[in-house]
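The residues making up each chain are set out below.
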Amino acid sequence: MNSDTLLTMRPIKAVAIAGVLVALLGLTMIAWSWVPHLSLLVVIAALLFFGLLNKLKFEQMQACMIGSVGSAMGAIYLFSFIGLLVSALMMSGAIPTLIYYGFEILSAKVFYLSAFILSSVVGIALGSGFTTCATVGVAFLGMATAFGANPAIVAGAVISGALFGDKMSPLSDTTSIAASLVGVDLFDHIKNMMYTTVPAWVITAIIFWYLSATNTISDLAGIAILKEQLFSSGLVHGFSLIPFAVLVILAILRVNAIYTIIATIITALMITYTHSSPSLTDLGGWFFAGYTPAEELALGDVAKMVSRGGLQSMFFSQLLVILALSLGGLLQGLGILPALLDGMRHLLTHASRGVAAAAFTSLGINVLVGEQYLSLLLSGNAFLPEYQRLGLHPINLSRTIEDAGTVINPLVPWGVYGGFLAGTFGMPVIEYVPYAFFCYWCFLLTLFFGITGLTITRLSPKLT
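Computed from a predicted structure; not experimentally measured.

A. Inspection of the overall build of the protein chain at higher detail. When helices and strands are counted, the protein chain shows 23 helices and zero strands. When contacts within the protein chain are restricted to residue pairs at least 6 apart in sequence, those whose partners lie at least 24 apart make up 78%. Carbon and sulfur atoms provide 69% of the accessible area of the protein chain, an area that totals close to 18,600 Å².

Structural data, given as structure tokens:
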């Protein structure tokens, strides 16, 4: 018996148990529309009962869960600081200013490409694909109807740009989860993702540039209104971009992510007091519940863009990480994950197979369960030991599960992301799926690099 497991079982039994658990997750999250936290608690309870039937003590199983959660406590701390950072960047005007200047890149002659590029800029600034789609995406779809553009192509362009930001922004919760889960530095993870993400972005941009040539649009009145609302908020100042400069410089210098974020927050606070004078009570409220502009300014779609951040906004992700890692610890401790891996270990003899297995597992969890976070957490937990056995640095795994997990969920009609977008965009997921090019290219490129060995980082001999 493995020292990390409490039970041993045959792979066929592990497959049967895993099938029941996936069905239970799917039933509760898809059929009953439960939030993933409740679904995870139900599955954890079922596994605890399974352990009880096998004469295991609760304390033993609890130790497995605590050990798994303890390995990712860095993510819990990081999420807290990210919540504070988003509030600071909003109140200082850093994010509103970046969005405002982002609107300047719009071109009526390349509307689809403009939608993709602007969504990428806003996605990086906000660190949330959901928020990007709900704000800029809705604005572009409104214009598409008036200007005769294909709404499905516009939706695909917005989703592609938003997911680029969701992957590459240090403010993104999925990016933080993927990095923390396998124990790599956040900015090292982002840098490594550039090998697949940048080529996917360029290819996608070329496709939308070609598609834009088939459509002629002469009016961008909707964007002009958003720009006017942003400017009237009093948050748009050129010098407000200084916190972003601090963030980028410290990241390049490889300063620890927590220290980088603290320095950026301090810089943002200094900028805030150059154009406004919030009280300490205001700051406390904004840092906890998220920045909210003055009531008289909180009008129009801009309010949705700038009302973000705070510790409270991170509670969902933090609790989800704790529960999902607890589930991972139980699956490991009860011998289910080891048995599943034993069943396929004879196939995982090369780096290419390890990358492909992790990628298709992340994709499969998205399709079967429809949950973006679980695709990261379960795949990361399951394949981290195998990547180390194959001599692969964990940074390869964090990239793979993002390329096959984060970007796939919007393509699943019954997925959390897909359901959100269908309601937000007012169109079935199947309509925009053919045009979400960025999502496909990320997945294909991560498989390509796994097969060829290009950009794959190996562990040094002393670490293997």
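From this point on, the discussion continues.
B. Broad picture of the packing of aromatic side chains. Enumeration according to the criterion identifies 14 aromatic pairs in this entry. Between the aromatic rings of tryptophan 32 and tryptophan 34, the centroid separation amounts to 5.5 Å while the plane-to-plane angle is 50 degrees, which identifies the pairing as tilted. For tryptophan 32, a relative accessible area of 47% translates into the label partly exposed. Each residue in the set Phe116, Phe164, Trp201, Phe208, Tyr435, Phe437 and Phe438 is aromatic and connected to the rest through ring pairs, giving one cluster.

C. The arrangement of a nonpolar patch on the surface in detail. A cluster of nonpolar side chains, Leu27, Trp32, Trp34, Val35, Leu38, Leu41, Val42 and Phe316, forms an exposed patch at the surface whose accessible area comes to about 690 Å². Looking at the nonpolar patch element by element, the count peaks at three residues for helix 2 (residues 36–53). Tracing the chain through its elements places leucine 27 in helix 1 (residues 11–31).

D. The arrangement of the nonpolar core in detail. Residues Leu47, Ile95, Val154, Phe208, Leu334, Phe383 and Phe425 are the most contacted members of the largest nonpolar core, which totals 144 residues. In terms of residue count, helix 4 (residues 73–92) provides more of this core than any other element does, eleven residues in total. Mapped onto the domain boundaries, this core takes at least three residues apiece from domain 1 (9–70 + 311–450) and domain 2 (72–309). Contact partners of isoleucine 95, with chain neighbours within four places excluded, come to Val86, Leu89, Met90, Ala125, Leu126, Leu171 and Phe244.

E. The arrangement of unusual backbone geometry in detail. Backbone geometry at lysine 55 places phi at a positive 65 degrees, although glycine is not the residue there. Along the polypeptide, lysine 55 turns up in the loop between helix 2 and helix 3 (58–70). Looking at lysine 55, the relative accessible area reads 76%, which means it is exposed. We note that threonine 455 has phi near 65 degrees; this positive angle belongs to a residue other than glycine. Note on placement: threonine 455 falls in the segment after helix 23 (437–452). Note on threonine 455: relative accessible area 24%, which makes it partly exposed.

F. Spatial organisation of the pattern of salt bridges. Tallied over the entire structure, the rule returns two salt bridges. Notably, a salt bridge pairs lysine 167 with aspartate 403, separated by 2.3 Å at the nearest N-O pair. Taken as a pair, lysine 167 in helix 8 (residues 151–168) and aspartate 403 in helix 20 (residues 394–406) lie far apart in primary sequence, 236 residues in all. Here lysine 167 matches aspartate 403 in class, with each residue buried. Among the ionic pairs, glutamate 386 bridges to arginine 389, the shortest N-O distance being 2.8 Å. Residue glutamate 386 and its partner arginine 389 are located together in helix 19 (residues 372–389), separated by three residues, close to a single helical turn. The class of arginine 389 is partly exposed, set by a relative accessible area of 41%.

G. Looking closely at helix 1. Along its 21 residues, helix 1 runs 29 Å from first to last C-alpha, staying within 8% of the 30 Å computed at 1.5 Å per residue. Looking at the residues trailing helix 1, positive phi occurs at serine 33, about 60 degrees.

H. Looking closely at the side chain of serine 375. You can see serine 375 is positioned in helix 19. A polar side-chain atom of serine 375 sits 3.3 Å from a polar atom in the side chain of asparagine 366.

I. Structural context of the environment of threonine 400. Counting through the fold element by element, threonine 400 comes out in helix 20. Note: C-alpha distance between threonine 400 and alanine 356 (44 residues apart in sequence) is 8.6 Å. Contacts of threonine 400, omitting those with residues within four sequence positions, involve Val355, Ala358, Ala359, Tyr387 and Thr446.

J. Here's a closer look at the environment of leucine 323. Among the structural elements, leucine 323 can be located in helix 16 (residues 315–333). Overall, leucine 323 belongs to the buried group, its relative accessible area being 11%. Between the C-alpha atoms of leucine 323 and histidine 37, which are 286 residues apart in sequence, the distance is 6.9 Å. Those residues in contact with leucine 323 that sit more than four places away from it in its chain are His37, Leu40, Leu41 and Ile44.

K. Structural view of the environment of serine 172. Structurally, serine 172 can be placed in the loop between helix 8 and helix 9 (173–182). Under the relative-accessibility criterion, serine 172 is labelled buried at 0%. Along the backbone, serine 172 and isoleucine 124 are 48 residues apart, and their C-alpha atoms lie at a distance of 8.4 Å. If near-sequence neighbours (up to four positions away) are discounted, serine 172 is found in contact with Gly127, Gly165 and Asp166. Polar side-chain contacts of serine 172 include one of 3.3 Å to the side chain of threonine 175.

L. Looking closely at the packing of helix 16 against helix 19. Two numbers describe how helix 16 lies on helix 19: the axes approach to 10 Å, and their chain directions differ by 35 degrees. In this structure, the crossing between helix 16 and helix 19 has a hand that is right-handed. Across the interface between the two elements, Phe316, Ser317, Leu320, Ala324, Leu325, Leu327, Gly328 and Leu331 of helix 16 pack against Tyr373, Leu374, Leu377, Leu378 and Asn381 of helix 19. Among the residues forming the contact of helix 16 with helix 19, the class breakdown is ten nonpolar, three polar and no charged.

M. Representation of the confidence of the model for the protein chain within the structure. Confidence along the protein chain averages 84 in pLDDT terms, with 89% of residues attaining 70 or more. Ranking the helices and strands of the protein chain by mean pLDDT puts helix 23 first, with 95, and helix 7 (residues 129–147) last, with 72.

What counts and what doesn't
Residues numbered from 1 in each chain as written. Predicted model: local features only at pLDDT ≥ 70, side-chain atom pairs only at ≥ 80, totals over all residues. Heavy atoms only, no water. Helix = DSSP H or I, 4+ residues; strand = E, 2+ residues; numbered from the N terminus. Contact = heavy atoms within 4.5 Å. Areas by Shrake-Rupley, 256 points an atom, 1.4 Å probe, with all protein chains shown as cover. Phe/Tyr/Trp six-rings, centres within 6.5 Å; stacked < 30°, edge-to-face > 60°. Buried < 20%, exposed > 50% of the residue type's maximum accessible area, 1.4 Å probe, protein only. Patch = residues over 30% accessible without salt bridge, like charges linked within 9 Å, V, L, I, M, F, W, Y side chains within 5 Å. Salt bridge = Lys/Arg side-chain N within 4 Å of Asp/Glu carboxyl O. Core = buried A, V, L, I, M, F, W, Y, C linked by side-chain atoms within 4.5 Å. Domains from an automatic or database assignment. Expected span 1.5 Å × (residues − 1). Polar contact = N/O pair within 3.5 Å; in protein donor to acceptor, adjacent residues only side chain to side chain. Axes fitted to C-alpha atoms, helices over the stretch in contact; angles between N-to-C directions. Left-handed = near helix turned anticlockwise from the far one by under 90°. Nonpolar A, V, L, I, M, F, W, Y, C, P; charged D, E, K, R; others polar. pLDDT = per-residue confidence, 0-100.

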